[in-house]
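Structural characterization, general
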Amino acid sequence: MTVELEAVEFTLPDELSATSPPEARGLARDAVRLLVSDGDTVTHARFRELPDFLRPGDLVVVNNSAMVNAAVAARYGADAVVLHFSTRLDDGGWVVELRDPRGTPWTGAPPEADVPVLIPGGHRVLLREPWFPGAVRLWIADPDTDVPALLLRYGRPITYSYVAERWSADYYRTVFGREPGSAEMPSAGRPFTDALVTELVARGIGLAAITLHTGVSSPETGEPPNPERFAVPALTAELVNLTHAMGGRVVAVGTTVTRALESAVGADGLVHAASGWTELVLGGHHPARVVDGLITGWHAPGASHLRLLEAVAGPEVVRHAYRIALDTGYLWHEFGDTALLFADRPGADRPASEA
């Protein structure tokens with residue numbers, strides 16, 4: 001697999017894919033590796049050392065969305081498939097995805113409208129149309145049953161081909177998950193523990209929450225990020241603005257938090273309470289305005305998240321971090337290692353006198 005980051009191309013070796021949770025590898029959740037890029041300095045640490053790289057007055061913003069068991073075994077014609085329920089739409093339909101039983105994109109005949117996907121309990125999902133022009137794996141579909149109830153009874157966590165075994169939903173929960181709705185775990189929050197959160201608060205580092213319900217991942221090269229439902233509460237917006245006014249930094253836990261906060265920035269440059277759907281695509285054409293640092297996992301080549309990282313930290317920081325991660329054996333994907341990337345742009349380190 002390859003992806004181009006500006007002028008840099010890299011290949012992800014198979015051995016750098018985390019195929020199981022860190023707990024199965026003899027590690028605590030907060031013992032995964034953490035690469036910290038801050039200015040010209042790159043530091044290797046463990047995630048539990050995160051408070052050492054933040055300052056009193058900084059604000060860590062988390063996603064309180066919780067993953068649901070969004071995958072069910074199904075049949076499409078004569079083929080066994082896995083149906084992923086990605087996103088609930090306002091008209092009662094769902095965005096769905098078909099994969100083969102190993103979790104790779106389905107390679108059977110192209111799906112057709114008016115041909116039902118058979119799901120457990122004798123129910124059917126009728127494919128209506130591609131979610132957007134040219135979509136080859138995401139469909140708008142109409143289930144004949146209550147999907148949350150179906151998933152509660154028959155669902156399992158979405159897994160992909162690099163995960164060697166199936167793991168229970170407990171391995172996909174974060175300490176912040178309170179609002180069920182994500183098709184996949186907001187994985188940047190996975191290494192946090194109760195003890196680590198307590199340590200952050202004890203050091204004078206603030207925490208605030210947004211909600212963004214993730215759809216299925218977009219690992220295929222060139223696919224844009226999909227619309228997602230989000231909410232930025234008034235209190236979180238006020239804390240972000242106050243943090244900047246006092247000279248602190250806003251650190252987003254994951255690309256989901258970054259997208260939500262940046263979707264709530266007004267023409268005045270401040271964050272305001274907001275909710276609904278976001279179609280924001282961050283990148284070189286639309287850099288981040290309020291997020292000063294980003295806690296993130298390592299994203300697969302071709303993922304749209306890579307451009308979002310560049311929008312926060314800058315292309316040079318991202319390229320340098322990825323080179324080091326590859327050279328030093330960091331692990332990729334939702335059960336892998338992590339990074340803390342601070343923005344390399346004016347205003348990202350705001351002294352109070354300039355706020």
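Preceding this section is the structure that the text describes.
Just so you know, these numbers come straight off a predicted model, no measurement behind them. (Residues numbered from 1 in each chain as written. Predicted model: local features only at pLDDT ≥ 70, side-chain atom pairs only at ≥ 80, totals over all residues. Heavy atoms only, no water.)

Structural notes on the environment of W106
- Mapped onto the secondary structure, W106 falls in the loop between β9 (94-99) and β10 (116-119).
- Note on W106: relative accessible area 16%, which makes it buried.
- Sequence separation of W106 and W277 is 171 residues, and the distance between their C-alpha atoms is 28 Å.
- Dropping the residues within four chain positions of it, W106 is found in contact with Y76, D79, V81, L98, R99, D100 and P111. (Helix = DSSP H or I, 4+ residues; strand = E, 2+ residues; numbered from the N terminus. Buried < 20%, exposed > 50% of the residue type's maximum accessible area, 1.4 Å probe, protein only. Contact = heavy atoms within 4.5 Å.)

Thoughts on the nonpolar core
- Ranked by size, the top nonpolar core spans 53 residues in total, and within it V232, L261, W298 and W332 carry the most contacts.
- Excluding anything up to four places from it in sequence, W332 contacts F10, L12, L16, S17, A18, W298, H299, A300, Y322, A325 and L326.
- The next biggest cluster of nonpolar side chains, apart from the first, holds 21 residues, and it includes A45, F53, V251 and L340. (Core = buried A, V, L, I, M, F, W, Y, C linked by side-chain atoms within 4.5 Å.)

A look at the sheet that holds strand β7 (residues 71-76)
- The six strands lie next to each other as β7-β8-β9-β12-β11-β10, forming a closed barrel whose pairing is antiparallel. The sheet shows a mean angle of 45° between the axes of neighbouring strands, taken without regard to direction.
- Pairing of β9 with strand β12 (residues 138-143), which is carried by four bridges, proceeds in the antiparallel orientation. What sits directly across from W94, in β12, is A141. (Pairing = 2+ DSSP bridges. Axes fitted to C-alpha atoms, helices over the stretch in contact; angles between N-to-C directions.)

Observations concerning the packing of aromatic side chains
- Taken as a whole and judged by the stated rule, the model has ten aromatic pairs.
- Ring geometry for F85 against W94: centres 5.7 Å apart, planes inclined by 85°, an arrangement best described as edge-to-face. The pair F85 / W94 is uniform in exposure class, with both members buried.
- Both rings, one in W298 and one in W332, keep their centres 5.6 Å apart while their planes meet at 40°; by these two values the pair is tilted. Residue W298 is found in the loop between β18 (293-297) and α5 (305-313), and its partner W332 is found in the loop between α6 (315-327) and β19 (338-342); the two are separated by 34 residues along the sequence.
- Ring pairing ties together the aromatic residues W298, Y322, Y330 and W332, which thus form one cluster.
- One Lys or Arg, R33, reaches over the ring of Y330 and ends 3.8 Å from the middle of that ring. (Phe/Tyr/Trp six-rings, centres within 6.5 Å; stacked < 30°, edge-to-face > 60°. Lys NZ or Arg CZ within 6 Å of the ring centre and 35° of its normal.)

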